[in-house]
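Architecture and fold: a report
If you want the building blocks of each chain, they are given just below.
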Amino acid sequence: MRDSARSPVASTALPLVISCEHAGHGVPPDVDLGVASEVRLSQAGWDEGALAIAHIIAAGVGARWQHRATLAAGPSAGVPVVRPRVHAGSYTRLFVDLNRAADHPDCVPSLCYGAVVERNAQLSAAAKQERVDRYHAPYWNAVAAEVAAGLARTGRVLHLSSHSFCPELDPPGRQFDLGVLFDPAHRLEAELADAMIAAARAHGLNVRANAPYSGTGPALCTSLRQRFGAGYAGIELETSHAVVRRADGCATIAAALTDWLAAATAPAPL
Ligand SMILES: [Zn+2]
(Lines give C-alpha, C1' and ligand atoms only; values in the text may rest on other atoms or scores of the structure.)
Protein backbone atom coordinates (compact mmCIF):
# COMPACT_ATOMS: atom_id res chain seq x y z
CA MET A 1 0.00 0.00 0.00
CA ARG A 2 1.19 3.51 -0.69
CA ASP A 3 2.23 5.89 2.06
CA SER A 4 -0.60 8.40 2.01
CA ALA A 5 1.39 10.85 4.16
CA ARG A 6 3.88 11.29 1.33
CA SER A 7 1.40 10.94 -1.50
CA PRO A 8 0.53 13.99 -3.59
CA VAL A 9 -3.02 12.61 -3.51
CA ALA A 10 -3.32 13.63 0.12
CA SER A 11 -1.29 16.81 0.02
CA THR A 12 -2.99 18.95 -2.62
CA ALA A 13 -6.60 19.92 -3.14
CA LEU A 14 -8.24 17.58 -5.60
CA PRO A 15 -11.63 18.56 -7.08
CA LEU A 16 -14.08 15.66 -7.47
CA VAL A 17 -16.43 15.32 -10.43
CA ILE A 18 -19.05 12.54 -10.35
CA SER A 19 -21.04 11.28 -13.30
CA CYS A 20 -23.36 8.44 -14.30
CA GLU A 21 -23.79 8.14 -18.05
CA HIS A 22 -26.15 5.13 -18.01
CA ALA A 23 -28.37 6.30 -15.16
CA GLY A 24 -31.69 6.17 -17.00
CA HIS A 25 -33.75 3.73 -19.05
CA GLY A 26 -36.46 6.06 -20.36
CA VAL A 27 -36.89 7.83 -23.68
CA PRO A 28 -38.05 11.39 -24.41
CA PRO A 29 -41.85 11.70 -24.66
CA ASP A 30 -41.82 12.12 -28.44
CA VAL A 31 -39.59 9.11 -29.14
CA ASP A 32 -40.45 5.47 -29.82
CA LEU A 33 -37.37 3.31 -30.33
CA GLY A 34 -39.47 0.27 -31.16
CA VAL A 35 -37.73 -1.60 -28.35
CA ALA A 36 -39.60 -3.57 -25.69
CA SER A 37 -39.54 -2.05 -22.23
CA GLU A 38 -37.92 -5.18 -20.78
CA VAL A 39 -34.96 -4.56 -23.11
CA ARG A 40 -34.66 -0.97 -21.91
CA LEU A 41 -34.76 -2.28 -18.35
CA SER A 42 -31.95 -4.78 -19.02
CA GLN A 43 -28.19 -4.13 -19.21
CA ALA A 44 -28.73 -3.14 -22.84
CA GLY A 45 -30.77 -0.15 -21.68
CA TRP A 46 -29.10 1.15 -18.53
CA ASP A 47 -26.78 0.50 -15.57
CA GLU A 48 -28.96 -0.66 -12.71
CA GLY A 49 -27.83 0.74 -9.36
CA ALA A 50 -25.09 2.97 -10.76
CA LEU A 51 -26.95 6.23 -10.10
CA ALA A 52 -27.83 5.24 -6.54
CA ILE A 53 -24.15 4.54 -5.86
CA ALA A 54 -23.19 7.92 -7.32
CA HIS A 55 -25.74 9.77 -5.18
CA ILE A 56 -24.83 7.95 -1.96
CA ILE A 57 -21.15 8.68 -2.57
CA ALA A 58 -21.88 12.37 -3.26
CA ALA A 59 -23.95 12.69 -0.08
CA GLY A 60 -21.34 10.92 2.03
CA VAL A 61 -18.42 12.87 0.63
CA GLY A 62 -20.31 16.14 1.13
CA ALA A 63 -21.04 15.28 4.76
CA ARG A 64 -17.39 14.48 5.41
CA TRP A 65 -16.23 17.67 3.69
CA GLN A 66 -18.57 19.63 5.94
CA HIS A 67 -17.33 17.82 9.03
CA ARG A 68 -13.72 18.54 8.07
CA ALA A 69 -14.49 22.22 7.42
CA THR A 70 -16.38 22.51 10.71
CA LEU A 71 -13.43 21.06 12.61
CA ALA A 72 -11.17 23.61 10.94
CA ALA A 73 -13.46 26.62 11.36
CA GLY A 74 -15.01 25.86 14.73
CA PRO A 75 -18.51 24.65 15.66
CA SER A 76 -20.08 28.13 15.53
CA ALA A 77 -18.88 28.92 12.02
CA GLY A 78 -22.01 27.56 10.31
CA VAL A 79 -20.17 25.75 7.55
CA PRO A 80 -22.57 25.12 4.64
CA VAL A 81 -23.07 21.68 3.14
CA VAL A 82 -21.37 21.41 -0.24
CA ARG A 83 -21.71 18.10 -2.01
CA PRO A 84 -20.32 17.05 -5.36
CA ARG A 85 -22.76 17.44 -8.22
CA VAL A 86 -23.82 14.18 -9.88
CA HIS A 87 -24.04 14.48 -13.66
CA ALA A 88 -26.62 11.88 -14.69
CA GLY A 89 -27.95 10.78 -18.04
CA SER A 90 -31.72 10.98 -18.40
CA TYR A 91 -32.39 8.42 -21.11
CA THR A 92 -31.54 4.87 -22.13
CA ARG A 93 -28.23 4.29 -23.88
CA LEU A 94 -30.31 2.72 -26.67
CA PHE A 95 -31.46 6.28 -27.46
CA VAL A 96 -28.05 7.93 -27.14
CA ASP A 97 -25.02 6.46 -25.39
CA LEU A 98 -23.43 9.12 -23.19
CA ASN A 99 -20.40 6.90 -22.64
CA ARG A 100 -19.43 7.07 -26.29
CA ALA A 101 -17.91 10.03 -28.09
CA ALA A 102 -20.23 11.90 -30.44
CA ASP A 103 -18.41 10.53 -33.48
CA HIS A 104 -18.39 6.91 -32.27
CA PRO A 105 -20.65 4.64 -34.36
CA ASP A 106 -22.34 3.32 -31.19
CA CYS A 107 -23.23 6.76 -29.87
CA VAL A 108 -26.65 6.21 -31.45
CA PRO A 109 -26.50 2.41 -31.43
CA SER A 110 -28.08 0.04 -33.89
CA LEU A 111 -26.98 -2.90 -31.73
CA CYS A 112 -26.29 -2.89 -28.00
CA TYR A 113 -25.68 -6.01 -25.86
CA GLY A 114 -27.46 -8.03 -28.53
CA ALA A 115 -30.47 -5.69 -28.63
CA VAL A 116 -31.26 -4.51 -32.14
CA VAL A 117 -32.48 -0.92 -32.46
CA GLU A 118 -33.78 -0.96 -35.99
CA ARG A 119 -35.14 2.59 -35.86
CA ASN A 120 -31.70 3.93 -35.00
CA ALA A 121 -30.24 2.06 -37.96
CA GLN A 122 -32.83 3.72 -40.19
CA LEU A 123 -32.05 7.26 -39.02
CA SER A 124 -30.42 9.64 -41.50
CA ALA A 125 -27.01 11.07 -40.65
CA ALA A 126 -28.67 14.44 -40.11
CA ALA A 127 -31.23 12.99 -37.70
CA LYS A 128 -28.49 11.21 -35.73
CA GLN A 129 -26.51 14.43 -35.57
CA GLU A 130 -29.57 16.33 -34.35
CA ARG A 131 -30.07 13.78 -31.57
CA VAL A 132 -26.41 13.98 -30.57
CA ASP A 133 -26.46 17.78 -30.60
CA ARG A 134 -29.59 17.95 -28.46
CA TYR A 135 -29.08 15.10 -25.99
CA HIS A 136 -25.39 14.19 -25.95
CA ALA A 137 -23.46 17.43 -26.36
CA PRO A 138 -24.98 19.27 -23.36
CA TYR A 139 -24.07 16.39 -21.05
CA TRP A 140 -20.49 16.10 -22.28
CA ASN A 141 -20.11 19.87 -22.21
CA ALA A 142 -21.34 20.05 -18.60
CA VAL A 143 -18.94 17.36 -17.37
CA ALA A 144 -16.05 18.83 -19.36
CA ALA A 145 -16.78 22.33 -18.01
CA GLU A 146 -16.64 21.10 -14.41
CA VAL A 147 -13.40 19.24 -15.15
CA ALA A 148 -11.91 22.33 -16.81
CA ALA A 149 -12.91 24.52 -13.85
CA GLY A 150 -11.27 22.11 -11.41
CA LEU A 151 -8.11 21.94 -13.48
CA ALA A 152 -7.99 25.73 -13.66
CA ARG A 153 -8.27 25.87 -9.87
CA THR A 154 -5.80 23.19 -8.81
CA GLY A 155 -4.23 21.62 -11.90
CA ARG A 156 -5.78 18.23 -11.09
CA VAL A 157 -9.22 16.61 -11.08
CA LEU A 158 -10.61 13.22 -10.10
CA HIS A 159 -13.59 12.24 -12.24
CA LEU A 160 -15.54 9.25 -10.98
CA SER A 161 -17.89 7.69 -13.53
CA SER A 162 -20.36 5.17 -12.03
CA HIS A 163 -21.48 2.11 -14.01
CA SER A 164 -22.67 -1.45 -13.38
CA PHE A 165 -22.08 -4.78 -15.12
CA CYS A 166 -24.04 -7.95 -15.68
CA PRO A 167 -22.26 -11.01 -14.20
CA GLU A 168 -24.45 -13.41 -16.20
CA LEU A 169 -22.73 -12.30 -19.42
CA ASP A 170 -19.56 -14.13 -18.31
CA PRO A 171 -20.28 -16.10 -15.12
CA PRO A 172 -16.78 -17.61 -14.66
CA GLY A 173 -14.99 -14.30 -15.32
CA ARG A 174 -17.29 -11.91 -13.48
CA GLN A 175 -17.33 -13.27 -9.94
CA PHE A 176 -16.30 -10.02 -8.27
CA ASP A 177 -18.04 -7.06 -6.68
CA LEU A 178 -16.39 -4.03 -8.21
CA GLY A 179 -14.23 -3.18 -11.20
CA VAL A 180 -12.05 -0.05 -11.14
CA LEU A 181 -11.21 1.04 -14.67
CA PHE A 182 -8.28 3.33 -15.38
CA ASP A 183 -5.34 3.89 -17.71
CA PRO A 184 -2.27 2.20 -16.13
CA ALA A 185 0.00 4.45 -18.21
CA HIS A 186 -1.51 7.64 -16.71
CA ARG A 187 0.50 8.36 -13.56
CA LEU A 188 -2.01 10.33 -11.48
CA GLU A 189 -4.88 8.10 -12.49
CA ALA A 190 -3.01 4.88 -11.69
CA GLU A 191 -1.96 6.21 -8.30
CA LEU A 192 -5.51 7.23 -7.42
CA ALA A 193 -6.93 3.95 -8.71
CA ASP A 194 -4.43 1.93 -6.68
CA ALA A 195 -5.42 3.82 -3.54
CA MET A 196 -9.13 3.46 -4.31
CA ILE A 197 -8.80 -0.28 -4.89
CA ALA A 198 -6.91 -0.66 -1.60
CA ALA A 199 -9.63 1.27 0.24
CA ALA A 200 -12.39 -0.89 -1.25
CA ARG A 201 -10.53 -4.11 -0.48
CA ALA A 202 -10.00 -2.96 3.09
CA HIS A 203 -13.81 -2.90 3.35
CA GLY A 204 -13.99 -6.53 2.29
CA LEU A 205 -14.98 -6.05 -1.35
CA ASN A 206 -13.71 -8.31 -4.11
CA VAL A 207 -12.21 -5.70 -6.46
CA ARG A 208 -10.54 -6.09 -9.85
CA ALA A 209 -8.47 -3.55 -11.74
CA ASN A 210 -9.60 -2.94 -15.32
CA ALA A 211 -12.30 -5.61 -15.32
CA PRO A 212 -14.73 -6.51 -16.77
CA TYR A 213 -13.63 -3.86 -19.27
CA SER A 214 -10.43 -2.02 -20.10
CA GLY A 215 -9.95 1.47 -18.72
CA THR A 216 -8.83 2.75 -22.09
CA GLY A 217 -11.73 1.68 -24.33
CA PRO A 218 -14.25 4.11 -25.83
CA ALA A 219 -15.75 6.06 -22.91
CA LEU A 220 -16.32 9.56 -21.58
CA CYS A 221 -13.29 9.18 -19.29
CA THR A 222 -11.10 8.07 -22.20
CA SER A 223 -12.12 11.08 -24.29
CA LEU A 224 -11.60 13.52 -21.43
CA ARG A 225 -8.22 11.95 -20.62
CA GLN A 226 -7.14 12.52 -24.20
CA ARG A 227 -8.44 16.09 -24.07
CA PHE A 228 -7.15 17.20 -20.66
CA GLY A 229 -3.99 15.11 -20.16
CA ALA A 230 -1.87 14.49 -17.07
CA GLY A 231 -3.92 16.45 -14.52
CA TYR A 232 -7.18 14.69 -15.35
CA ALA A 233 -7.81 11.35 -13.68
CA GLY A 234 -10.91 9.61 -15.03
CA ILE A 235 -11.83 6.42 -13.19
CA GLU A 236 -14.85 4.28 -13.98
CA LEU A 237 -16.51 2.20 -11.29
CA GLU A 238 -18.17 -0.97 -12.54
CA THR A 239 -20.34 -2.55 -9.85
CA SER A 240 -21.78 -6.04 -10.30
CA HIS A 241 -25.55 -6.37 -10.60
CA ALA A 242 -25.18 -9.13 -8.01
CA VAL A 243 -24.18 -6.39 -5.54
CA VAL A 244 -26.59 -3.62 -6.56
CA ARG A 245 -29.55 -6.02 -6.31
CA ARG A 246 -28.86 -6.69 -2.63
CA ALA A 247 -30.89 -4.51 -0.27
CA ASP A 248 -27.76 -2.76 1.02
CA GLY A 249 -25.59 -3.35 -2.03
CA CYS A 250 -25.31 0.21 -3.38
CA ALA A 251 -24.72 1.59 0.12
CA THR A 252 -22.01 -1.02 0.70
CA ILE A 253 -20.09 0.06 -2.40
CA ALA A 254 -20.45 3.73 -1.50
CA ALA A 255 -19.40 3.12 2.10
CA ALA A 256 -16.25 1.34 0.94
CA LEU A 257 -15.14 4.38 -1.07
CA THR A 258 -16.52 7.45 0.67
CA ASP A 259 -13.96 7.91 3.46
CA TRP A 260 -11.06 7.61 1.03
CA LEU A 261 -12.70 9.88 -1.54
CA ALA A 262 -13.53 12.55 1.03
CA ALA A 263 -9.97 12.47 2.38
CA ALA A 264 -8.40 12.65 -1.08
CA THR A 265 -10.63 15.40 -2.49
CA ALA A 266 -11.79 18.89 -1.63
CA PRO A 267 -14.95 20.88 -2.40
CA ALA A 268 -15.08 23.70 -4.88
CA PRO A 269 -15.18 27.08 -3.15
CA LEU A 270 -18.64 28.65 -2.87
ZN1 LIG B 1 -22.29 2.00 -18.09
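Quick caveat, the model's predicted, so the values are computed rather than measured. (Residues numbered from 1 in each chain as written. Predicted model: local features only at pLDDT ≥ 70, side-chain atom pairs only at ≥ 80, totals over all residues.)

**With respect to the overall build of the protein chain**
A count of helical and extended segments in the protein chain gives nine helices and eight strands. The dimensions of the protein chain, computed from C-alpha atoms along their principal axes, are 60 × 40 × 35 Å. The burial tally for the protein chain puts 43% of its 270 residues in the buried class. A sequence separation of at least 24 residues applies to 78% of the contacts in the protein chain between residues at least 6 apart. (Helix = DSSP H or I, 4+ residues; strand = E, 2+ residues; numbered from the N terminus. Buried ≥ 20, exposed ≤ 12 C-beta atoms within 10 Å, placed from the backbone. Contact = placed C-beta atoms within 7 Å.)

**Considerations on the pairing of strand S6 (residues 178-181)**
With burial as the criterion, each face of S6 is covered, one bearing Leu-178 and Val-180 and the other bearing Gly-179 and Leu-181. Pairing geometry for S6 and strand S7 (residues 207-209), over three bridges, is parallel. Its bridge partner lying in S7, Leu-178 is registered against Val-207. In this view, the connection linking S6 to its parallel neighbour S7 by way of helix H6 (residues 187-202) has right-handed handedness. (Pairing = 2+ DSSP bridges. Right-handed = clockwise from strand over helix to strand, strands pointing away.)

**Here's the deal with helix H9 (residues 249-264)**
In a regular helix each residue adds 1.5 Å, so 16 residues correspond to 22 Å; H9 covers 24 Å between its end C-alpha atoms and thus fits that length. Of all bends in H9, the biggest is about 35°, found at Thr-258. Taking burial as the measure, the 16 residues of H9 include 12 buried ones, the bulk of the element. Turning to H9, its buried residues number three or more, namely Gly-249, Cys-250, Thr-252, Ile-253, Ala-254, Ala-256, Leu-257, Thr-258, Trp-260, Leu-261, Ala-262 and Ala-264. (Expected span 1.5 Å × (residues − 1). Bend = angle between axes of the 7 residues up to and from the residue.)

**Points about unusual backbone geometry**
Going from Ala-211 to Pro-212, the amide bond is cis rather than trans, its omega being 5°. On the secondary structure map, Pro-212 appears in the loop between S7 and helix H7 (220-228). The backbone of Tyr-113 sits at a positive phi, close to 50°, despite the residue not being glycine. Inspection of the secondary structure puts Tyr-113 in the loop between strand S3 (111-112) and strand S4 (115-116). Of the residues examined, Tyr-113 has 14 C-beta atoms within 10 Å and is grouped as partly exposed. Positive phi, normally seen in glycine, also occurs at Asn-210, with a value near 50°.

**Some words on the sheet that holds strand S8 (residues 232-240)**
Across a sheet, paired strands are connected by hydrogen bonds in the backbone, their directions being either parallel or antiparallel. As summarised here, the arrangement of the six strands in space is S2-S1-S5-S8-S6-S7, forming an open sheet in which the pairing is mixed. Taken across any chain shown, the strands that pair with only one partner, and hence form the sheet edges, are strand S2 (86-88) and S7. Sheet twist, expressed as the mean angle between neighbouring strand axes with direction ignored, is 20°. Across the sheet, helix H3 (residues 50-73) is in contact with strand S1 (16-20), S2, strand S5 (157-165) and S8; its angle to S1 comes to roughly 160°. Each of S1, S5 and S8 touches H7; the most contacted strand, S8, lies at about 170° to it. (Axes fitted to C-alpha atoms, helices over the stretch in contact; angles between N-to-C directions.)

**Considerations on the environment of Ala-263**
Within the fold, Ala-263 resides in helix H9. C-alpha of Ala-263 to C-alpha of Val-61: the two residues are 202 residues apart in sequence and 8.6 Å apart in space.

**Quick notes on the pairing of S8**
The two faces of a sheet get side chains in turn, since along a regular strand they alternate between them. Extensive coverage of S8 is indicated by the burial of nine of its nine residues. Here S8 shows a buried face lined by Tyr-232, Gly-234, Glu-236, Glu-238 and Ser-240 and a second buried face lined by Ala-233, Ile-235, Leu-237 and Thr-239. Pairing between S5 and S8: nine bridges, direction parallel. Among the inter-strand pairings, His-163 is bridged to a residue of S8, identified as Glu-238. Bridging between S6 and S8 involves four bridges; their strand directions are antiparallel.

**Some thoughts on the packing of H6 against H9**
What describes two packed helices is the angle between their axes and the distance between those same axes. Their axes nearest at 8 Å, the elements H6 and H9 cross at an angle of 135°. With respect to H9, the axis of H6 lies oblique. Crossing of H6 against H9: the hand is right-handed. Only Ala-256, Leu-257 and Trp-260 of H9 make contact with H6, whose side of the interface consists of Ala-195, Met-196, Ala-199 and Ala-200. A breakdown of the residues in the contact of H6 with H9 according to their chemical character gives seven nonpolar, no polar and no charged. (Parallel < 35°, antiparallel > 145°, perpendicular 65-115°, else oblique. Left-handed = near helix turned anticlockwise from the far one by under 90°. Nonpolar A, V, L, I, M, F, W, Y, C, P; charged D, E, K, R; others polar.)

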